[in-house]
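Results of the structural survey
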Amino acid sequence: MTGLIGATESEVTHLVAALTDAEAETHLGMTFYRGTLEGEPVVITRAGVGKVNAALAAGTMSLLYHPDRLINTGVAGALAEGLAQGDVVVATSLVEYDMDTTPFGEPRGLLQIRGQELVELPADRETVAALICAVEACGEVPHTGMVATGDRFVAGADAKAAILSYFPALACEMEGAAIAHAAYAAGVPVAVLRVISDSADGSAPLDYPTFAKLAAEKCQHIVRAYLASLHA
């Protein structure tokens, strides 16, 4: 079974609508939809925006549904030069850029999970490789690298530069690393797929609400291609 988590309704709505044999359950205020999509058993939920919501969704899904893998799907803001609206990012690692215990002499983003200390949360290599193939099968060019997560909607050049001063991330968003954090604690492989919806500095050619919906639809199309590839 594959677990799919998005933050907003637009990031999961097409996936839920395409389910066959769908059943719904509510836990901690979140609705979890179980069914089959492209031949793969799946469970899907809309977590809500932010790291706490994301971690709750991933932890609950891991404990109750025992997925073989978790995939976070949605939109992100571009950090790296050369990324534009509509570009696809597959995370190879994730960081919580707003985790800051540097006054104690520790590195920015340091996490303690299952008795381990780490800054970068690794994405599952096998799932990442399959997602890259799905991106290419959809006629898109995959961009791979670090994705930075924090409880802030990054919408200015200064905020963007601040993240890049600590981490060489391709994109920023508000859930991916928190989902990876919870998945890592639960021992569940995780991957994060994002489509760039804005430039994260206020200079995007299309406004965020307009393009975020289009980007989310593209992301869900790629997820369906990935799921189909599992049973090809």
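Preceding this section is the structure that the text describes.
In this report, we go over the structure that sits alongside the text. Everything quoted here is computed from the prediction, not taken from an experiment.

Turning to the overall build of the protein, a few remarks are in order. Along the protein, the regular secondary structure elements total six helices and twelve strands. The dimensions of the protein, computed from C-alpha atoms along their principal axes, are 50 × 45 × 30 Å. Residue burial in the protein is summarised as follows: out of 232 residues, 50% are buried. The long-range fraction of contacts in the protein, counting pairs at least 24 apart against all pairs at least 6 apart in sequence, stands at 75%.

Another point: a nonpolar patch on the surface. On the surface, Leu28, Val52 and Leu56 cluster together to form a nonpolar patch covering roughly 310 Å² of accessible area. When you line up the elements, leucine 28 lands in the loop between strand E2 (20–27) and strand E3 (30–37).

For helix H5 (residues 176–186), every residue scored as buried is listed here: Gly176, Ala177, Ala178, Ile179, Ala180, Ala182 and Ala183. Following H5 by one or two positions, glycine 187 adopts a phi angle in the positive range, close to 75°.

Turning next to the pairing of strand E6 (residues 88–96). Of all nine residues making up E6, eight are buried, and the element is well covered by its neighbours. The pairing of E6 with strand E10 (residues 142–149) spans eight bridges and is classified as parallel. Across the sheet, residue valine 95 finds its bridge partner in E10, namely alanine 148. Of the pairings in the sheet, the one linking E6 to strand E9 (residues 121–122) comprises two bridges and is antiparallel in character. By the bridge assignment for E9, leucine 94 is matched with leucine 121.

Conventions we followed
- Residue positions are given per chain, counted from 1 along the sequence in the order it is written.
- With pLDDT at 70 or above as the cut-off, local features in this predicted model cover only qualifying residues; side-chain atom pairs require 80 or more to be listed or tallied, and sums for whole chains, interfaces and linings still use all residues.
- Hydrogens are left out, water is left out, and the side-chain values use all remaining heavy atoms of the structure.
- Secondary structure is summarised from DSSP: a helix means a run of H or I of at least four residues, a strand means a run of E of at least two, and numbering begins at the N terminus for each.
- Throughout this description, buried means an accessible area under 20% of the type-specific maximum (1.4 Å probe, protein chains only), exposed means over 50%, and partly exposed covers the range between.
- By definition in these notes, contact holds between two residues if any of their heavy atoms fall within 4.5 Å.
- Each patch is built from salt-bridge-free residues with over 30% relative accessible area, joining like charges within 9 Å and nonpolar side chains (Val, Leu, Ile, Met, Phe, Trp, Tyr) within 5 Å.
- Note on areas: Shrake-Rupley with a 1.4 Å probe; residue coverage comes only from the protein chains shown.
- Salt bridges are defined by distance alone: a side-chain nitrogen of Lys or Arg within 4 Å of a carboxyl oxygen of Asp or Glu.
- Strand pairing is assigned whenever DSSP detects at least two bridges linking the two strands.

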